[in-house]
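# Structural description and commentary
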Amino acid sequence: MQQQQQMQTATPQMINLDELHFDPQNPRLPVELYYANDETVLRHLLLKGDLVELMASLGQLGYSPAEPLLVIPRTEGGYVVIEGNRRLAALKLLANPDIAPVRSAAVKKAVAEAEKKPSKIPALVYQRREDILWYLGYRHITGTKSWGAQQKAQYMKQLMDDYVSHGGLSKEDALKAATRAVRLCQTDYPNTTPLRACQGRRDYR
């Protein structure tokens, strides 16, 4: 039942590529790149994220509806991509290789060989970042696409901040709750969420 309720908080949509924006707090980025401009984000992901290879795959196969981007509404308009920033970068480069700040030749070669350049992207629209945090922990900490230590630490900080702002916990209790929640997701995902796990559970405090 909880899994069904959690799924109902998301609305599937096909969203124009130009309405999708990078997450300024993406745990994949170093802390010093938080709120960086698109050029800086693309530079980092091109150097660290194997984007050219991903571009080649998307250019040949198109974008699979089985892996929708997870997004939330953006205050300035459009949507912030909470899960899928690497895919978003590859899609943006396929659409406009001139924005590549590095590896320009490799990017343009991938674009020239691409048979498909998706412009409408499947997405699940959530209303709050917190609604996606539990999934991120499962996928990137205990799941199939593991983050490195720094990325996991940044995710834990976001989870702690959410416990403080929405769960009403002190910072010390939030750290305990976040640590316990990440352990729980190894065995109980997706039957609960971090915030639900914390609420009303004295053993989380």
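Look up: the structure comes first, before these words.
Quantities reported herein were computed from a predicted structural model and do not represent experimental measurements. (Residues numbered from 1 in each chain as written. Predicted model: local features only at pLDDT ≥ 70, side-chain atom pairs only at ≥ 80, totals over all residues. Heavy atoms only, no water.)

Turning next to the pattern of salt bridges. By the definition in use, this model includes six salt bridges. Arg74 is paired through a salt bridge with Glu76; the nearest N and O atoms lie 3.7 Å apart. Its salt-bridge partner being Asp98, residue Lys108 comes within 3.9 Å of it at the nearest N-O pair. In this pair, Lys108 sits in helix α5 (residues 104-113) while Asp98 sits in the loop between α4 (85-95) and α5, placing the two residues ten residues apart along the sequence. (Salt bridge = Lys/Arg side-chain N within 4 Å of Asp/Glu carboxyl O. Helix = DSSP H or I, 4+ residues; strand = E, 2+ residues; numbered from the N terminus.)

For strand β3 (residues 69-73), the buried fraction is high: four of the five residues fall into the buried class. Looking at chain direction, β3 and strand β4 (residues 79-83) are connected through four bridges and run antiparallel. If you follow Val71 over to β4, its bridge partner there is Val81. Connecting β3 to the next strand, β4, in antiparallel fashion are five residues, including Gly77 with a positive phi near 110°. (Buried < 20%, exposed > 50% of the residue type's maximum accessible area, 1.4 Å probe, protein only. Pairing = 2+ DSSP bridges.)

This brings us to the packing of helix α3 (residues 51-61) against α4. Two elements in contact, α3 and α4, have axes separated by 9 Å at closest approach and are oriented at 70°. Judged on the interaxial angle alone, α4 and α3 are roughly perpendicular. Like other packed secondary-structure pairs, α3 and α4 cross with a definite hand, here right-handed. For the pair formed by α3 and α4, the contact residues are Leu51, Leu54, Met55, Leu58 and Gly59 on the first element and Arg86, Arg87, Ala89, Ala90, Leu91, Leu93 and Leu94 on the second. (Axes fitted to C-alpha atoms, helices over the stretch in contact; angles between N-to-C directions. Parallel < 35°, antiparallel > 145°, perpendicular 65-115°, else oblique. Left-handed = near helix turned anticlockwise from the far one by under 90°. Contact = heavy atoms within 4.5 Å.)

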